[in-house]
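# Observations on the three-dimensional arrangement
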Amino acid sequence: MKTKFRTFLLIPFFALLLFASCQEEKIEITEPTQEEALVPQAQLTSLISATSKMDGSKDNIIDGASCISVKLPVIVKVRGIEIRIDSEADYEKIKRLYDELEDDIDRLDVIFPITITTAEYQEITIESAEQLSEFIAKCKGDEEEEEREIRCIDFKFPIAFSIYNRDFSVIDVVNIENKKQLYFFIKRVKNAEVLASLNFPVTMVLKNGTTLTAENNEQLRRIIETAKDSCEIEDFSKERLENYLKKCPWIVYEFKRNNQDNTAQFQQYAINFKENGVVVMRSRNGDMLTGTWGLRPTRRGVLLKMAFDNLADFTLEWLLYDFEDGKIKIYEEGGNRIIIKRNCDIVIDITKERIENYLQECYWRIARLSINGTDKEKEYIGTPLKFLPNNEVKLRINGELVAGTYEIGVRNIGFILQITLDGRPDLKLEWLITFLEPGLIKLENANSKMVLERHCFDVDDDLKYIDAVIAAGTWEVATYDDGLVHVVDPTTNFFGYTVDFLLTGRIKVTDPNNGVTAGSWLAYRKEGLYLGMLFANQAPFNELTFRWKIKAIATNRIELVDLSASGEIERTLILEKKN
């Protein structure tokens, strides 16, 4: 049996909403229990099965249905002109004829009999247009199908499965070369005919060509589940697209009107498409505007009409021309364009009580702080805020909680957060809340900005493991490479020092002469796992004040790196257990 290592899930998937092709490094920790086998009724098994089904969307110009595919060659008529379709490239012949016609009637007739292939790779002979229409209506109307085909993502083949006996010993390895083979193999798994696990890593390919690598079952499940949402609009119907838009709020990321870029004005506006043609728009300052919306299919595509009495820039009939991974691009002639992204966590109906409840749920990490253009967040590394009832707030510094007050206020411009902490004048501003969701709060004051990110202790298993390892025993700096050329290795500056991470968030540094220096630390997750350390302005440890990315961790060794914007390692810090 091969040795398996537990790996951190380094990409939180409310991000994958971003679908990056770059993969995080694996962080090896401990051996897991054997949980890789695919269970017949498990969600992942169903997702793999749905992904392996035949994608019939490529020939929709012929049959108008993604649940079937017409077997080539086939002969069709467009306005009396017969065209023989021998390959997918010939679909362009039909499109060119459509473009040459001046009216809006795109009429195509299929010459029967034809053979169609279903999503389950079954071939059926169709003798007439009536029979084809009945079959399409049945497969398109089956909206409640448990495993509706997922067409927005595919496996990169070949892939392999390990086959087990009942003692969970590997007895064979099966190689899969294409989707059809995968479908029938997973069918055997679902029927409990075979006990198997997928051999990782596997590469998944999105419809736009982006590749994503899964290292374990959970990562694969999240990748497919996230991609599945973008498939909901592939088979267009007015009802399905309406439901897709109403499912979650949408955030404005780009806005252009009459060739003028108004992104700065409308960015992070939130749009909530509701029932009965009602749309609610929330501005950054919390103002709520209500209007109407509706969809209209045309030959150009699907048109979205929005109308607001007091928001003329959004009042237009827009063409929905590109759907991708929870993102929609909206366009209209004359230099009009909007890009919106789905955010199921954002709060549209903000109230003072709701803000207070969010603040009091967990600690909050100051992820960004810019005061009049000067970055100040380095001063708050490893020092989270805790908002308590009765308007009390505490800042954890060197393991101790410094108490202050906070207040949620209501102004004409929206809701504000004011924090008062002794010795922390940078926080003592009337911060306008411009963006609020359960894990993220963005605030502004004139030329100053602050971003708070939620941090909940004892929730993330990886972080609990890191906290336990770091707090067990004392450490020393085994390697420090700052990326520069030195005559003397900078690691020698740390010889004789002992570093003790306390569970209170305090770092106790003891020098060779038994002098003590205090600091703060916090392990957290943000598109990876990080260890933030803040030391007093005293050499040599002040050079280690930073949010270090955790590259690897074991019970006696921690490897930390400082990455450039391009992902290259600029500095390396290795801590080893002293006792």
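Report on the accompanying structure. Being a predicted model, the structure only gives us computed values, none of them experimental.

So, on to the overall build of the protein. Within the protein one finds 11 helices and 38 strands. A total of 579 residues make up the protein; the buried ones form 48% of that total. The contacts in the protein between residues at least 6 apart in sequence include a share of 52% that link residues at least 24 apart. For the protein, the accessible area works out to roughly 28,300 Å², and carbon and sulfur atoms hold 46% of it.

Our next topic: the side chain of D467. By secondary structure assignment, the location of D467 is in helix α11 (residues 461-471). Despite its burial, D467 remains without a salt bridge, the nearest opposite charge being carried by R396 at 7.7 Å. Ignoring any residue separated from it by four or fewer positions in sequence, one finds D467 in contact with F457, L503, W521 and A523.

Let's shift gears to the packing of helix α2 (residues 43-52) against helix α6 (residues 179-190). The N-to-C vectors of α2 and α6 enclose an angle of 150 degrees; their axes lie 8 Å apart at closest approach. One element, α2, and the other, α6, form an angle in the roughly antiparallel class. Where α2 crosses over α6, the handedness of that crossing is left-handed. The segment α2 lies against α6, with T45, I48, S49, T51 and S52 engaging K179, L182, Y183, I186, V189 and K190. Considering only residue class, the contact of α2 with α6 consists of 5 nonpolar, 4 polar and 2 charged.

This model, assessed by the stated rule, comprises 2 disulfides. The side chain of C362 participates in a disulfide bridge whose partner is C456; the two sulfur atoms lie 1.9 Å from each other. Across the S-S bond linking C362 and C456, the dihedral sits near 95 degrees, which makes this disulfide right-handed. Taken together, the residues C362 in the loop between α10 (352-361) and β22 (363-371) and C456 in the loop between β30 (448-455) and α11 connect sequence positions 94 residues apart.

Now for the sheet that holds strand β4 (residues 109-110). Pairing within the open sheet is antiparallel, and its 3 strands lie in the order β3-β2-β4. Every other strand in the sheet has two partners, leaving β3 (81-85) and β4 as the edge strands with one partner each. With 5 bridges connecting them, strand β2 (residues 74-78) and β3 associate as antiparallel partners. The residue bridging K77 from the neighbouring strand is E82, located in β3.

Right, let's talk about the environment of N513 for a bit. Relative to the helices and strands, N513 resides in the loop between β33 (506-510) and β34 (516-525). Look at N513 and you get exposed, because its relative accessible area is 69%. The spatial distance from the C-alpha of N513 to the C-alpha of G496 is 8.9 Å, given a sequence separation of 17 residues.

Rules behind the numbers
- Residues numbered from 1 in each chain as written.
- Predicted model: local features only at pLDDT ≥ 70, side-chain atom pairs only at ≥ 80, totals over all residues.
- Heavy atoms only, no water.
- Helix = DSSP H or I, 4+ residues; strand = E, 2+ residues; numbered from the N terminus.
- Buried < 20%, exposed > 50% of the residue type's maximum accessible area, 1.4 Å probe, protein only.
- Contact = heavy atoms within 4.5 Å.
- Areas by Shrake-Rupley, 256 points an atom, 1.4 Å probe, with all protein chains shown as cover.
- Lys, Arg positive; Asp, Glu negative; His and termini not counted.
- Salt bridge = Lys/Arg side-chain N within 4 Å of Asp/Glu carboxyl O.
- Axes fitted to C-alpha atoms, helices over the stretch in contact; angles between N-to-C directions.
- Parallel < 35°, antiparallel > 145°, perpendicular 65-115°, else oblique.
- Left-handed = near helix turned anticlockwise from the far one by under 90°.
- Nonpolar A, V, L, I, M, F, W, Y, C, P; charged D, E, K, R; others polar.
- Disulfide = S-S within 2.5 Å.
- Pairing = 2+ DSSP bridges.

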